[in-house]
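Each chain, written out:
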Amino acid sequence: LFGVDTIFRWNFLAEQMLARSSLSFYPPTTAADYAIYGWPDGIAPLVSSLYLWTYLPAGEARPILTAPLVIFQFVVLILVTRELARRLGGERAAGFAGALLAGGPLFLWAVSMGQETGLTALALGGLLLYLPARDQACPTGSVVLAALAAALGALAREYGLVFIAFGFGLCLWRRLPLRATGVFLFVALGATLPWYARTWLHTGNPLFNQSVFGLFPVNVTHLAYMDAIRVEHRMLPAGAMMNLLTTCMLGILGTLAGLWFGLTRARAVLAGLGLGVLLCVTALSFTAAGFTYGLRVLSPALLLSAVLGGAVCARWVPARRNFHVVVFAFCLLATDAALRALVLPSHIYRLPVSGWLTTGDAIHAYHARPVYNQIARLIGEERMIVLGPHALLVKQKARVLPFWSPELHHLWNAAPPAETARRLRDARIRFVLLNQNPLHTRYLELMPFFRKPVSPYLKLIWSDGDLELWHIESP
């Protein structure tokens, strides 16, 4: 579980569910909720629940326990890829498709991260695998499985709702019987809507905290933070295209090679691939961790590109002559992919060999620093506003709250600094902890109390170049 946001979202939610045996605080709406879970998510807790079920037998949250679950996902994804390719080009296509998928470092990395991207790939692949084709038998069981696959995507992440719409469109395009189309919608929506209805009742917004054309209430202070992220990522970082090429080379080649084949014999696969690419392009501007982390959303598209590439390879690669060379090449590609996935978003060949096994664990080492416990002991029973390691301090039993907690909405008002300081201190909020970066600086500038020049009621008492701890002085 090495994703940047696993610490404060996916796995942290599982830890809180395990500790509290409840989900009443999620999605967070009140100040008390935000003190428990500090990110305004409304994502269905499917991924976090899978973590939770691996933790329950041990009685504690140990991320290593999720490894069998993630490995199982990858194996199933290989099997789905092979079966889709087999239908297009026989057993040879299945073999090539599996090899192409295993040789893609980005896909391996996206799945091994243990977040939603393994499930979204499984959802789209399963939908295409089970939904009956035009002019073929249409057993109810296959339609139900296709619907459950689409629902899996919708419950893995809110953008996965488009898989249900995509499946419905395929039902119409393939001219499935009206009854089969109805069964698909009934099962897919029946499995999905309960969570989104709960979120709607709990927050007033079924897609909390997404703004849906202004139709539903949102946490506006958090949306301002997300807007700052989009400004931060409005330009591609240096080396972005080279990074895309080196991590998705086989996927790109598979797509290009399979383009003609897809247009003539696998239009649904090609349409699903296009949908996956569109989802990734849309997600890139919302990904706080940057361009490379945003690319993980390509996982469904990469699966389908391997399917198309496998079908083309089965037609173009000689069956016998020099086949041992092809096998050797795929083995090299798979080895390279495993090494690259080990250290992404870093570059494996720019690191010393001694760092290959430690680079991927850097995120865990960073979050295991003793400084968080020291800060928690320093503030004692006082309260602290945090823009950064909120979840890590909750684990240390510190009394913390994020800037987008409803209790802090007054920070956006143009009140005199003395009044704001007094109001914060009256609520026993005496400290502010910040991760230092341009994004946070831009966000803080939106609040009068934190604009430069620094308020006389804010005193910097500690900094290590990464974190800053400020004390709120008495007016």
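Residues numbered from 1 in each chain as written. Predicted model: local features only at pLDDT ≥ 70, side-chain atom pairs only at ≥ 80, totals over all residues. Heavy atoms only, no water.

Asks: Please explain the overall build of the chain as it appears in this structure.
Replies: Along its length, the chain carries 20 helices and five strands. A compact globule built from 475 residues would reach a C-alpha radius of gyration of about 23 Å, and the chain, at 24 Å, matches this within 12%. For the chain, the proportion of its 475 residues judged to be buried stands at 52%. (Helix = DSSP H or I, 4+ residues; strand = E, 2+ residues; numbered from the N terminus. Rg over C-alpha atoms; globule rule 2.2 N^0.38 Å. Buried < 20%, exposed > 50% of the residue type's maximum accessible area, 1.4 Å probe, protein only.)

Asks: Looking at this structure, I do not really get a nonpolar patch on the surface. What am I missing?
Replies: Together, M242, L245, M249 and L253 make up an exposed nonpolar region whose accessible area comes to about 360 Å². Within the secondary structure, L245 is located in helix 11 (residues 240–265). (Patch = residues over 30% accessible without salt bridge, like charges linked within 9 Å, V, L, I, M, F, W, Y side chains within 5 Å. Areas by Shrake-Rupley, 256 points an atom, 1.4 Å probe, with all protein chains shown as cover. Salt bridge = Lys/Arg side-chain N within 4 Å of Asp/Glu carboxyl O.)

Asks: I'm lost on the nonpolar core in this one. Help?
Replies: Core analysis: the largest hydrophobic core is formed by 77 residues, its most contacted members being F184, L298 and L303. Once residues within four sequence positions are removed from consideration, L303 is found in contact with L77, T81, L84, L101, F107, A121 and G125. Within the second largest apolar cluster, 70 residues are counted, among which are I43, A44, I379 and L392. (Core = buried A, V, L, I, M, F, W, Y, C linked by side-chain atoms within 4.5 Å. Contact = heavy atoms within 4.5 Å.)

Asks: Is there a simple way to think about the environment of G290 in this case?
Replies: Along the chain, G290 falls in the loop between helix 12 (267–284) and helix 13 (291–294). Taking the relative accessible area as the measure of exposure, G290 reaches 9% and is therefore buried. Note: C-alpha distance between G290 and P194 (96 residues apart in sequence) is 32 Å.

Asks: Could you clarify how one ought to interpret the pairing of strand 3 (residues 429–435) in this entry?
Replies: Across a regular strand the side chains alternate sides, sitting on one face of the sheet and then on the other. Taking burial as the measure, the seven residues of strand 3 include seven buried ones, the bulk of the element. Where strand 1 (residues 383–387) and strand 3 come together, five bridges link them in parallel fashion. Opposite V386, over in strand 3, you have L433 as the bridge partner. Two strands pair when backbone bridges link them, and strand 3 and strand 5 (residues 467–472) are joined in this way by five bridges, in the antiparallel orientation. From the neighbouring strand, N435 faces strand 5, where its bridge partner is L467. (Pairing = 2+ DSSP bridges.)

Asks: What is the right way to look at the pattern of salt bridges in this model?
Replies: When the charged atoms of two side chains with opposite charge come close together, those side chains can pair. Here the structure, examined in full by the defined rule, presents 15 salt bridges. Residues R9 and D41 are paired through a salt bridge, measuring 2.6 Å at the closest nitrogen-oxygen approach. With R9 in helix 1 (residues 6–20) and D41 in the loop between helix 2 (31–36) and helix 3 (46–55), this pair connects stretches of sequence that are 32 residues apart. In terms of burial, R9 and D41 fall into one category: buried. R369 is the partner of D464 in a salt bridge, and the nearest nitrogen-oxygen pair spans 3.7 Å. Within this pair, whereas D464 is found in the loop between strand 4 (458–463) and strand 5, its partner R369 is found in the loop between helix 16 (362–367) and helix 17 (371–379), the two being separated by 95 residues in sequence. The exposure class of D464 is partly exposed, given its relative accessible area of 37%. A single network of salt bridges, built from pairs that share partners, joins R82, E83, R86, R87 and E91.

Asks: Help me understand the sheet that holds strand 2 (residues 399–402), please; the structure alone is not making it clear to me.
Replies: Within a sheet, neighbouring strands are paired by backbone hydrogen bonds and run either parallel or antiparallel to one another. Here five strands make up an open sheet; going across it, the order is 2-1-3-5-4 and the pairing mixed. Bordering the open sheet on either side are strand 2 and strand 4, each of which pairs with just one other strand. For this sheet the average axis-to-axis angle between neighbouring strands, irrespective of direction, equals 30°. Lying on the sheet, helix 19 (residues 417–426) is in contact with strand 1, strand 3 and strand 5; it crosses strand 5 at an angle near 95°. (Axes fitted to C-alpha atoms, helices over the stretch in contact; angles between N-to-C directions.)

Asks: Hey, could you run me through the packing of aromatic side chains in this one?
Replies: Taken as a whole and assessed by the stated rule, the structure comprises 17 aromatic pairs. Geometrically, the ring pair formed by Y26 and W195 is stacked, given 6.0 Å between the ring centres and 25° between the ring planes. Placement of the pair is Y26 in the loop between helix 1 and helix 2 and W195 in helix 9 (residues 178–203), with a sequence separation of 169 residues. Assigned by exposure class, Y26 and W195 land together as buried. Note on W412 and Y443: the rings are 5.8 Å apart at their centroids and 65° apart in plane angle, and the pair reads as edge-to-face. Residue W412 is located in the loop between strand 2 and helix 19, and its partner Y443 is located in helix 20 (residues 438–444); the two are separated by 31 residues in the primary sequence. Judged by relative accessible area, Y443 falls into the buried class, the value being 0%. Here the aromatic cluster, defined as three or more aromatic residues joined through ring pairs, consists of F8, W39, Y225, F403, W404, W412, Y443, F449 and F450. (Phe/Tyr/Trp six-rings, centres within 6.5 Å; stacked < 30°, edge-to-face > 60°.)

Asks: Would you mind going over helix 8 (residues 161–173) with me for this structure?
Replies: For an α-helix, 3.6 residues make a turn, and residues three or four places apart therefore share a direction. Spanning 13 residues, helix 8 covers 19 Å between terminal C-alpha atoms, matching the ideal 18 Å at 1.5 Å per step. Turning to helix 8, its buried residues number three or more, namely F163, I164, F166, G167, L170 and C171. Seen along its axis, helix 8 keeps its buried residues to an arc of 160°; they face one direction. For helix 8, the exposed residues set more than 90 degrees away from the buried face come down to A165 and L172. At its buried positions, helix 8 is contacted by helix 6 (117–130), helix 7 (140–156), helix 9, helix 12 and helix 14 (299–316). Backbone geometry just downstream of helix 8 places R175 in the positive-phi region, at approximately 55°. (Expected span 1.5 Å × (residues − 1). Arc of directions from axis to C-beta.)

Asks: Help me understand the packing of helix 12 against helix 14, please; the structure alone is not making it clear to me.
Replies: The geometry of a pair of packed helices is captured by two quantities: the angle between their axes and the separation between those axes. One way to put it is that helix 12 packs onto helix 14 with a least axis distance of 8 Å and a crossing angle of 150°. Accordingly, the angle class assigned to the pair helix 12 and helix 14 is roughly antiparallel. Here helix 12 and helix 14 pass one another in a crossing that is left-handed. Contacts between helix 12 and helix 14 involve V269, L270, G272, L273, G276 and V277 from the former and A301, L304, S305, V307 and L308 from the latter. (Parallel < 35°, antiparallel > 145°, perpendicular 65-115°, else oblique. Left-handed = near helix turned anticlockwise from the far one by under 90°.)

Asks: What's the story with the environment of A334 in this structure? I'm lost.
Replies: With respect to the helices and strands, the residue A334 is situated in helix 15 (residues 323–343). Under the relative-accessibility criterion, A334 is labelled partly exposed at 27%. Beyond its immediate stretch of four places on either side in the chain, A334 contacts A102 and G103.

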